[in-house]
Amino acid sequence: RAVAMGNSASALAGAVEQVMVEGDVSDLADDAWEAILGGGDQPPMSPADVRAIFSDDLLRAARAHKPKNLLAVVLRALERAEAALEPDAPKEGALALGATVAPADAPTVLACVRLLARIVPFIAAAVEEEEDPSDDPTRDEPADVRRISRALR
């Protein structure tokens, strides 16, 4: 079931709050994701909107009650940013500069970065709180990955 939203920032904030703490972010409708990250006819949220909609209290509550929702939002932002990147195809002998972003996609990539910059510190705080001295260095995955995985359970 998709959680729809109205045209206002307050409607978006209500939809985001509802699913972040009580539901599943996969229930957010596509128009809500477009309002958050830009796309379609929607411009991306401003920095002030990101901070207001993804408030400290909301992110702490999501971290405490639905941590997988934080991870899902991060993954969605990364997917959207990655989709906007155009791989660099250098001419033979030229230096590869990496991926580029088309000017039309720049606002979407910026919105993704804003959202990631807002959420990742809350995930990092959970990791710091969950430090486990029994990390086994012989495991295949890095210790940081293990700590993040534990924090998001």
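Residues numbered from 1 in each chain as written. Predicted model: local features only at pLDDT ≥ 70, side-chain atom pairs only at ≥ 80, totals over all residues. Heavy atoms only, no water.

1. Some thoughts on the overall build of the protein chain
When helices and strands are tallied, the protein chain shows seven helices and two strands. Excluding contacts between residues fewer than 6 apart, the proportion of contacts in the protein chain whose partners are at least 24 apart in sequence is 62%. Total accessible area on the protein chain is roughly 9,000 Å²; 54% of this is exposed by carbon and sulfur atoms. (Helix = DSSP H or I, 4+ residues; strand = E, 2+ residues; numbered from the N terminus. Contact = heavy atoms within 4.5 Å. Areas by Shrake-Rupley, 256 points an atom, 1.4 Å probe, with all protein chains shown as cover.)

2. Brief notes about the nonpolar core
If you look at the biggest cluster of nonpolar residues, it comprises 30 residues, and the most contacted ones within it are L12, V16, M20, I36, F54, L115 and I119. If you list the elements that add at least two residues to this core, you get α1 (9–21), α2 (30–37), α3 (47–53), α4 (56–65), α5 (67–84) and α6 (106–129). Per-element tally for this core: the top contributor is α6, with six residues. (Core = buried A, V, L, I, M, F, W, Y, C linked by side-chain atoms within 4.5 Å. Buried < 20%, exposed > 50% of the residue type's maximum accessible area, 1.4 Å probe, protein only.)

3. Examining the side chain of T108
Tracing the sequence through the fold places T108 in helix α6. T108 gets classed as buried once you look at its relative accessible area, which sits at 13%. Filtering out sequence-adjacent residues up to four positions away, T108 remains in contact with L37, G38, G39, P44 and R80.

4. With respect to the confidence of the model for the protein chain
This prediction gives the protein chain a mean pLDDT of 79; 73% of its residues lie at or above 70. Per-element mean pLDDT across the protein chain ranges from 62 in helix α7 (residues 143–151) up to 92 in α4. Confidence over residues 1–7 falls short of pLDDT 50; this stretch has 19 contacts with residues more than four positions distant or in other chains. (pLDDT = per-residue confidence, 0-100.)

5. Re the environment of A72
Within the element layout of this structure, A72 appears in helix α5. Residue A72 is classed as partly exposed on the basis of its relative accessible area of 26%. Once the C-alpha coordinates of A72 and S26 are considered, the two residues, 46 residues apart in sequence, prove to be 7.8 Å apart.

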